[in-house]
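So the chains spell out like this:
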Amino acid sequence: DIQLTQSPSFLSASVGDRVTITCRASQDISSYLAWYQEKAGKAPNLLIYLASTLQTGVPSRFSGSGSGTEFTLTISSLQAEDFATYYCHQHNSYPLTFGGGTKVEIK
Amino acid sequence: EVQLVESGGGLVQPGGSLRLSCAASGFTSSDHTMDWVRQGPGKGLEWVGRSGNKGDGYNTEYAASVRGRFTISRDVSKNSLYLQMNSLKSEDTAVYYCARGPVRGTRRPLDHWGQGTLVTVSS
């Protein structure tokens, strides 16, 4: 199985900060990496797919990069509505897997 | 508008069974793979399994933790997806989400999710 390791698992930041979350895959997954945002009590929302493609309707302050085994999600200027938990997800091979999550909280 | 609505969750005793349903609307679900993903209390997301699309004969894949106990099926006429869960264990307690996967020939991730249904396995 492909393991996805996210770091950090928790981060505290202020509105306006630039935030970067890293996801490392245990094997080469090419660019089959997605990022989701999850808010309490709600279903995950797709932000980025194919490592760097912004899903329709997602603000441009979100961006993704990477390929192979190293990926990053960047929020260029954190907004109040961005405080949430973020998950990376590989859909290169079965079983599909998710990272452990990164909780972004208000400093 | 794409909508996925899960139902069928509830309290069940260890060793028991439960069948979840997912009603899809706003798109033709047979064109897409359809997945189940769960989230245990205070935990992260865990992929449960997938039903392929009509192009691959609705082939199924499962996580090792549920293989042999859970079965995914579809009713194309009702645009619905099901998850039959047998021999339930306490560790199966979770919110279960239905999610839409890619159409045949594309390599997209799960792009729409339902609101989830809670399954609690406890005596």
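All values derive from a computational prediction rather than experimental measurement.

Digging into the packing of aromatic side chains
Here is step 1 of the chain: As enumerated under the stated definition, the model contains 6 aromatic pairs over all chains in all.
Here is step 2 of the chain: On the numbers, 5.4 Å between centres and 75° between planes, the contact of Tyr36 of chain A with Trp113 of chain B is edge-to-face. Here Trp113 of chain B lies in strand E10 (residues 112–113) and Tyr36 of chain A lies in strand E4 (residues 33–38), a pairing that spans two chains.
Here is step 3 of the chain: For Tyr36 of chain A, a relative accessible area of 0% puts it in the buried group.
Here is step 4 of the chain: Using a relative accessible area of 10% as the deciding quantity, one classes Trp113 of chain B as buried.
Here is step 5 of the chain: Between Phe98 of chain A and Trp113 of chain B, the ring centres sit 6.3 Å apart and the planes meet at 65°, which makes this aromatic pair edge-to-face. Of this pair, Phe98 of chain A sits in strand E10 (residues 97–98) while Trp113 of chain B sits in strand E10, which puts the two residues in different chains.

A look at the state of the cysteines
All names here are of chain B.
Here is step 1 of the chain: Evaluation of the coordinates by the stated rule reveals 2 disulfides over all chains.
Here is step 2 of the chain: Residue Cys22 pairs covalently with Cys98 via a disulfide, S to S 2.0 Å. Between Cys22 and Cys98, the disulfide has an S-S torsion of -65° and is therefore left-handed. In this pair, Cys22 is assigned in strand E3 (residues 18–25) and Cys98 in strand E9 (residues 94–103), connecting sequence segments 76 residues apart. A single burial state applies to Cys22 and to Cys98, both of which are buried.

Re the nonpolar core
Here is step 1 of the chain: Core analysis: the biggest nonpolar cluster contains 39 residues, and Leu20, Trp36, Phe70, Leu83, Met85, Tyr96 and Trp113 of chain B have the highest contact counts within it.
Here is step 2 of the chain: Considering each element in turn, this core owes the most residues, 5 residues, to E9 of chain B.
Here is step 3 of the chain: Apart from the residues within four sequence positions on either side, Leu20 of chain B is in contact with Ser7, Gly8, Gly9, Trp36, Leu81, Tyr82, Leu83, Met85, Tyr96, Thr117 and Val119 of chain B.
Here is step 4 of the chain: Ile2, Ile21, Ile29 and Ala51 of chain A belong to the second largest nonpolar core, which has 25 residues in total.

Things to note about unusual backbone geometry
Residue and element names in this part refer to chain A.
Here is step 1 of the chain: The omega torsion across Ser7 and Pro8 is -5°, close enough to zero to call that bond cis.
Here is step 2 of the chain: In this structure, Pro8 sits in the loop between strand E1 (4–7) and strand E2 (10–13).
Here is step 3 of the chain: With omega at -5°, the peptide bond leading from Tyr94 into Pro95 counts as cis.
Here is step 4 of the chain: Mapped onto the secondary structure, Pro95 falls in the loop between strand E9 (85–90) and E10.
Here is step 5 of the chain: We note that Ser30 has phi near 55°; this positive angle belongs to a residue other than glycine.
Here is step 6 of the chain: Within the secondary structure, Ser30 is located in the loop between strand E3 (19–25) and E4.
Here is step 7 of the chain: For Ala51, which is not glycine, the phi torsion reads 70° and is therefore positive.

Examining the interface of chain A and chain B
Here is step 1 of the chain: Taken residue by residue, the interface counts 20 residues in chain A and 19 residues in chain B.
Here is step 2 of the chain: Of the roughly 1700 Å² buried between chain A and chain B on both sides combined, carbon and sulfur atoms contribute 61%.
Here is step 3 of the chain: Summed over the three residues of chain A that lose the most area to chain B, namely Tyr94, Leu96 and Phe98 of chain A, the buried surface amounts to 30% of that side.
Here is step 4 of the chain: Inspection of the chain A/chain B interface yields 0 salt bridges.
Here is step 5 of the chain: Scanning the region where chain A abuts chain B turns up 6 residue pairs in polar contact (both at pLDDT 80 or more).
Here is step 6 of the chain: Elements with a minimum of two residues in the side of chain A that touches chain B: E4, strand E5 (45–49) and E9 of chain A.
Here is step 7 of the chain: Counting residues per element, the side of chain A that touches chain B draws most heavily on E4 of chain A, which supplies 3 residues.
Here is step 8 of the chain: Residues of the side of chain A that touches chain B, tallied by class, amount to 13 nonpolar, 5 polar and 2 charged.

Criteria and thresholds
Residues numbered from 1 in each chain as written. Chains lettered and ligands numbered in written order. Predicted model: local features only at pLDDT ≥ 70, side-chain atom pairs only at ≥ 80, totals over all residues. Heavy atoms only, no water. Phe/Tyr/Trp six-rings, centres within 6.5 Å; stacked < 30°, edge-to-face > 60°. Helix = DSSP H or I, 4+ residues; strand = E, 2+ residues; numbered from the N terminus. Buried < 20%, exposed > 50% of the residue type's maximum accessible area, 1.4 Å probe, protein only. Disulfide = S-S within 2.5 Å. Core = buried A, V, L, I, M, F, W, Y, C linked by side-chain atoms within 4.5 Å. Contact = heavy atoms within 4.5 Å. Buried area = accessible area lost by both parts, 1.4 Å probe. Salt bridge = Lys/Arg side-chain N within 4 Å of Asp/Glu carboxyl O. Polar contact = N/O pair within 3.5 Å; in protein donor to acceptor, adjacent residues only side chain to side chain. Nonpolar A, V, L, I, M, F, W, Y, C, P; charged D, E, K, R; others polar.

Purely spatial values, then, with no claim about function.
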